[in-house]
Amino acid sequence: MAERESENHGQLTLEQNSKPLDANSYATKKTIAQGMLDIALLTANASQLKYVLQIGHQHEFYTLMLWLISVSIVLQVCVGVILLVIGGLDINRHGDQRTAIILNDVTLIMIFFISLINVGVSGFGMEHSHIRLREVMSPPK
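Could you give me a rundown of the overall build of the protein chain, with the residues and numbers involved?
When its secondary structure is counted, the protein chain shows four helices and three strands. In the protein chain, the succession of helices and strands from N to C terminus is β-β-β-α-α-α-α. For the protein chain, the proportion of its 141 residues judged to be buried stands at 28%. Restricting to contacts in the protein chain with at least 6 residues of sequence separation, those with at least 24 account for 61%. In the form shown here, the protein chain has an accessible surface area of approximately 9,700 Å², with 64% of it arising from carbon and sulfur atoms.

Now, about the pattern of salt bridges: what can you tell me, with residues and values included?
What the rule picks out here adds up to one salt bridge. With its nearest N and O atoms 3.5 Å apart, the salt bridge here joins Asp 96 to Arg 93.

So what's going on with the nonpolar core? Which residues, and what values?
Val 52, Ile 69 and Val 121 are the most contacted members of the largest nonpolar core, which has 20 residues in total. Elements with a contribution of two residues or more to this core: α1 (23-55), α2 (62-87) and α3 (94-123). It is α2 that provides the largest number of residues to this core, a total of ten residues.

A description of the packing of aromatic side chains should follow, citing residues and the corresponding values.
In the structure shown here, the tally under the stated rule is one aromatic pair. Consider the rings of Phe 112 and Phe 113, whose centres lie 5.7 Å apart with planes at 65 degrees: the pair is edge-to-face.

With reference to specific residues and values, describe the environment of Asn 45.
One can find Asn 45 in helix α1. Under the relative-accessibility criterion, Asn 45 is labelled buried at 0%. Sequence spacing of Asn 45 and Ile 69 is 24 residues, and the spatial spacing of their C-alpha atoms is 6.2 Å. Residues within four places of Asn 45 in sequence aside, it is in contact with Ile 69, Ser 72, Ile 73, Gln 76 and Asn 118. In terms of polar contacts, Asn 45 uses its side chain to reach the side chain of Ser 72, at 2.7 Å.

Calculation rules
Residues numbered from 1 in each chain as written. Predicted model: local features only at pLDDT ≥ 70, side-chain atom pairs only at ≥ 80, totals over all residues. Heavy atoms only, no water. Helix = DSSP H or I, 4+ residues; strand = E, 2+ residues; numbered from the N terminus. Buried < 20%, exposed > 50% of the residue type's maximum accessible area, 1.4 Å probe, protein only. Contact = heavy atoms within 4.5 Å. Areas by Shrake-Rupley, 256 points an atom, 1.4 Å probe, with all protein chains shown as cover. Salt bridge = Lys/Arg side-chain N within 4 Å of Asp/Glu carboxyl O. Core = buried A, V, L, I, M, F, W, Y, C linked by side-chain atoms within 4.5 Å. Phe/Tyr/Trp six-rings, centres within 6.5 Å; stacked < 30°, edge-to-face > 60°. Polar contact = N/O pair within 3.5 Å; in protein donor to acceptor, adjacent residues only side chain to side chain.

Spelled out as structure tokens, the structure:
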């Protein structure tokens, strides 16, 4: 299904369907979807942070994990704020287009770094620790 840009405000039309696609609506929905994925990753990182804090220094990579998870969470919050700003932009207005492109590029770079950090968190993660949470949390006998 081929798309082509029409003359009216950058709206896209489909050859099979003459109904124009609103590029601004599409961008807003895309931004919302990215935000929801960011929330899912933020929730996972919060759970990982809780686990590392409960284990404490007994985790063999405690400092590294604490640092990686914290940086990931901070970057995710920043991406979330930027996505809120992008969601409020109207890309049909010429003045907002450049801002939207720059912010989109910034979020892309930040998401790339978040992904790299979370690969590191997985590599040094919970399943590789020789300490189990039950052993740490259970009272001594």
